[in-house]
Amino acid sequence: MRHIYRAPFPRPLPGRPPLHREFDPLEIVAAARELLVRLAPLAEPVEGIVMCSQMHGLVLTTERGEPRSHVTTWQDQRVLELAGEDGATWFDHLTRQITAEEVRQLGNELRPGLPIGVLYWLRMHGQFPDPDLYLASLPDFLFSHLCQTPPMIEPSNAMAHGVLNLETMSWHEAVLDRLGLAGLRWPIICPSGTIVGRWCWQGRAVPCYAPVGDYQCALAGALLQPDELSLNISTGSQVSRLRPTAEFGDYQTRPFFDGQFLATITHIPAGRALNALLRLFTELAEAQGVTLNDPWGYVAQAAARVGSTRLRANIAFFTSSCGDRGALTEMREEEMTIGHIFRAAFENMTDNYWASALR
């Protein structure tokens, strides 16, 4: 690729409650349009626009893509607010209304941060959207706005809304009825490669293809083949295998391309957990105004020198596929060093990948 342009994502709207995460949709449109206008002349002739995006996002729009709400993303965790005196959250209330069989049909992916949770929270707080409005993922809204067409949605982004029935590849009507969300205008689910609108540029109508999920694009870009195991080792980690049909088990099931599916486990503790440990051990220095030059270089060398340790780490310091309570155990004075602690953390990462692979 000879031409790469980057634009910063707009900052979240200020003054929102702690667990709410919202953005101005028109700021996002402006940033995306600027990139398109800069890139289009470099791609003559422009044959079409393809897009992927982080999958979990929600915008309420008119049928011509005019926004009628802010953008909420996967970072919006309002369903974890307490719903009453019993200590239950709105997410607890939501999940109690969905059977185990329905959770399986939804791909074993119910969690806070999905649009279904935001919609349920709105309904329970008397803020139910106008039934004439469309629900759109962030990239689908963008094309809907640019092309002034009703939003459509491809299966990988539909899955991220939280109510796609993988057995029928349609919205799960029974779950929507029970949650009181059936009256909304859910977008039409279209196959990958569908032209969802045309962007007018210099007198031409440029086709825009249904946006797809970033996770699926990453694995397609890695050229994942049947019977291969994909390990994504990053801030948050995943383990995946490609399946010809929708199979269900002790893992998530996600739509892929060409009618295939992914068996996958996400939110495996990795880089985010290691960063949390590093913040703990650099807090005193930073409080004294000291910036450490290369903390990770020292960590790597110290862990390598240890070789093995009796200390045990569980780096599930946040909600993950491996639990939501981390720990450091079997600690003795001689093992209370950076080398021993990070060696144990690295070994726990490896154990988590192995356990996920077996699943």
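Look a little higher up for the structure.
Residues numbered from 1 in each chain as written. Predicted model: local features only at pLDDT ≥ 70, side-chain atom pairs only at ≥ 80, totals over all residues. Heavy atoms only, no water.

J.: Just to check I follow, could you spell out helix α10 (residues 295-306) for this structure?
T.: Structural remark: α-helix, 3.6 residues per turn; residues separated by three or four positions point the same way. Compared with the 16 Å implied by 1.5 Å per residue over twelve residues, the 17 Å span of α10 between its first and last C-alpha is a close match. Here the buried face of α10 lies against α9 (271-287) and α11 (338-358). Two residues or fewer past α10, Gly 307 is found with a positive phi of approximately 80°. (Helix = DSSP H or I, 4+ residues; strand = E, 2+ residues; numbered from the N terminus. Expected span 1.5 Å × (residues − 1). Contact = heavy atoms within 4.5 Å.)

J.: Just checking my understanding: could you explain the side chain of Ser 144 for this structure?
T.: Assignment of secondary structure puts Ser 144 in helix α5 (residues 138-147). Sequence-distant contacts of Ser 144, defined by excluding residues within four places in its chain, comprise Arg 64, Gly 65, Thr 149, Pro 150 and Pro 151.

J.: Before we go on, may I ask you to explain the sheet that holds strand β15 (residues 252-255) in this structure?
T.: One open sheet accounts for four strands, arranged β13-β14-β16-β15; its pairing is antiparallel. Looking at which strands have only one partner, the edges of the open sheet turn out to be β13 (230-232) and β15. Sheet twist, expressed as the mean angle between neighbouring strand axes with direction ignored, is 30°. Bridge analysis of β13 against strand β14 (residues 236-243) gives three bridges, and the strand direction is antiparallel. From the neighbouring strand, Ser 230 faces β14, where its bridge partner is Ser 240. Together, β13, β14 and β16 (261-269) form the strand contacts of α11, whose direction differs from that of β16 by roughly 155°. (Pairing = 2+ DSSP bridges. Axes fitted to C-alpha atoms, helices over the stretch in contact; angles between N-to-C directions.)

J.: I'm lost on the pattern of salt bridges in this one. Help?
T.: In a structure, side chains of opposite charge can pair up when their charged atoms sit close to one another. This model, assessed by the stated rule, comprises 18 salt bridges. Two residues, Arg 78 and Glu 22, come together in a salt bridge whose shortest N-O distance is 2.8 Å. Remark: Glu 22 occurs in strand β1 (residues 22-23) and Arg 78 occurs in the loop between β4 (71-73) and α2 (90-96); sequence separation between them is 56 residues. Under the relative-accessibility criterion, Arg 78 is labelled buried at 4%. Glu 22 gets classed as buried once you look at its relative accessible area, which sits at 11%. Its salt-bridge partner being Glu 334, residue Arg 332 comes within 3.0 Å of it at the nearest N-O pair. For Glu 334, a relative accessible area of 44% translates into the label partly exposed. Taken together, the shared-partner salt bridges in this structure form one network comprising Arg 16, Glu 22, Asp 76 and Arg 78. (Salt bridge = Lys/Arg side-chain N within 4 Å of Asp/Glu carboxyl O. Buried < 20%, exposed > 50% of the residue type's maximum accessible area, 1.4 Å probe, protein only.)

J.: So what exactly am I meant to see when it comes to the environment of Asp 76 here?
T.: One can find Asp 76 in the loop between β4 and α2. C-alpha of Asp 76 to C-alpha of Leu 106: the two residues are 30 residues apart in sequence and 20 Å apart in space. When residues no more than four places from it in sequence are discounted, the contact partners of Asp 76 are Leu 19, His 20, Arg 21, Glu 22, Gly 113 and Val 118. Among the polar contacts listed, one links the side chain of Asp 76 to the backbone nitrogen of Arg 21, at a separation of 2.9 Å. (Polar contact = N/O pair within 3.5 Å; in protein donor to acceptor, adjacent residues only side chain to side chain.)

J.: So what exactly am I meant to see when it comes to the sheet that holds strand β5 (residues 134-136) here?
T.: Strand pairing in a sheet relies on backbone hydrogen bonds, with the paired strands running either antiparallel or parallel. Reading across from one edge, β1-β4-β3-β5 is the order of the four strands in this open sheet, with antiparallel pairing throughout. In this open sheet, the two edge strands, each paired with only one partner strand, are β1 and β5. Note: strand β3 (residues 57-61) against β5, three bridges, orientation antiparallel. Paired with Thr 61 across the strands is Tyr 134, a residue of β5. Sitting on the sheet, helix α4 (residues 115-124) touches β3, β4 and β5, and the angle it makes with β3 is about 50°.

J.: Quick question: what am I supposed to make of a nonpolar patch on the surface here?
T.: On the surface, a cluster of nonpolar side chains totalling about 220 Å² of accessible area is made up of Tyr 5, Leu 39 and Leu 42. Of note, Tyr 5 is situated in the segment before β1. Judged by its relative accessible area of 31%, Tyr 5 falls in the partly exposed class. (Patch = residues over 30% accessible without salt bridge, like charges linked within 9 Å, V, L, I, M, F, W, Y side chains within 5 Å. Areas by Shrake-Rupley, 256 points an atom, 1.4 Å probe, with all protein chains shown as cover.)

J.: Would you explain the nonpolar core in this entry?
T.: In globular proteins that are soluble, nonpolar side chains generally tend to be buried together. Counting 32 residues, the largest nonpolar core has Ile 116, Leu 179 and Trp 186 as its most contacted members. If you list the elements that add at least two residues to this core, you get β3, α2, α4, α6 (155-159) and α7 (173-179). When residues in this core are grouped by element, the largest group, six residues, is from α4. Beyond its immediate chain neighbours, meaning those up to four positions away, Leu 179 contacts Leu 94, Gln 97, Ile 98, Ile 116, Tyr 120 and Arg 123. Core analysis: the second largest hydrophobic core is formed by 24 residues, Val 29, Val 46, Leu 146 and Ala 210 among them. (Core = buried A, V, L, I, M, F, W, Y, C linked by side-chain atoms within 4.5 Å.)

J.: Which parts of the structure should I look at to understand the side chain of Ser 356?
T.: For Ser 356, the position within the fold is in helix α11. Judged by its relative accessible area of 5%, Ser 356 is buried. A polar side-chain atom of Ser 356 sits 2.9 Å from the main-chain carbonyl oxygen of Asn 352. The residues touching Ser 356, leaving out its near neighbours within four places in the chain, are Val 239, Ile 265 and Ile 268.

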